[in-house]
Amino acid sequence: MIAFGCGEAPDTRCVLFGDSAAAWTSPPLSASFRRLVIAYDAGVDLELVKRERADVVISLQTERRMRFVPADPPDGEERFAWPAETEKA
């Protein structure tokens, strides 16, 4: 996992899950978000997303590495709603 910070970027956080092909995205994305975390993982780690309080989540995999289709949560299950009183750290 690699984290980048950019004080001049808008106050947003991004978590990117990907393989080595996602590495080329770090220069433009790191300048676009106050905090960018890149996790080299084929799945989406929901605990990492919650811990980072991500505004944007990107999953970027090369086609040859896609072994399964990600499933949505069952109907009615909370997706990524943060409590309104929670402030970004």
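Residues numbered from 1 in each chain as written. Predicted model: local features only at pLDDT ≥ 70, side-chain atom pairs only at ≥ 80, totals over all residues. Heavy atoms only, no water.

Asks: Looking at this structure, how should I read the sheet that holds strand β2 (residues 13-18)?
Replies: Backbone-to-backbone hydrogen bonds join strands into a sheet, with any given pair of strands oriented parallel or antiparallel. The sheet built from four strands is open, its strands ordered β1-β3-β2-β4 with mixed pairing. If you trace the sheet from one side to the other, it starts and ends with β1 (2-5) and β4 (56-60), each paired once. In this sheet, adjacent strand axes meet at a mean angle of 15° when their direction is disregarded. One ladder, built from five bridges, connects β2 with β4; its direction is parallel. From the neighbouring strand, Val15 faces β4, where its bridge partner is Val57. (Pairing = 2+ DSSP bridges. Helix = DSSP H or I, 4+ residues; strand = E, 2+ residues; numbered from the N terminus. Axes fitted to C-alpha atoms, helices over the stretch in contact; angles between N-to-C directions.)

Asks: Hey, could you run me through the pairing of strand β3 (residues 35-40) in this one?
Replies: Sheet faces and side chains relate simply in a regular strand, where the side chains alternate between the two faces. Pairing of β1 with β3 involves four bridges; the strand directions are antiparallel. When the bridges of β3 are listed, Ile2 appears paired with Ile38. Inspection of the sheet shows β2 paired to β3 by six bridges, in the parallel sense. Bridging across to β3, Cys14 finds its partner in Leu36.

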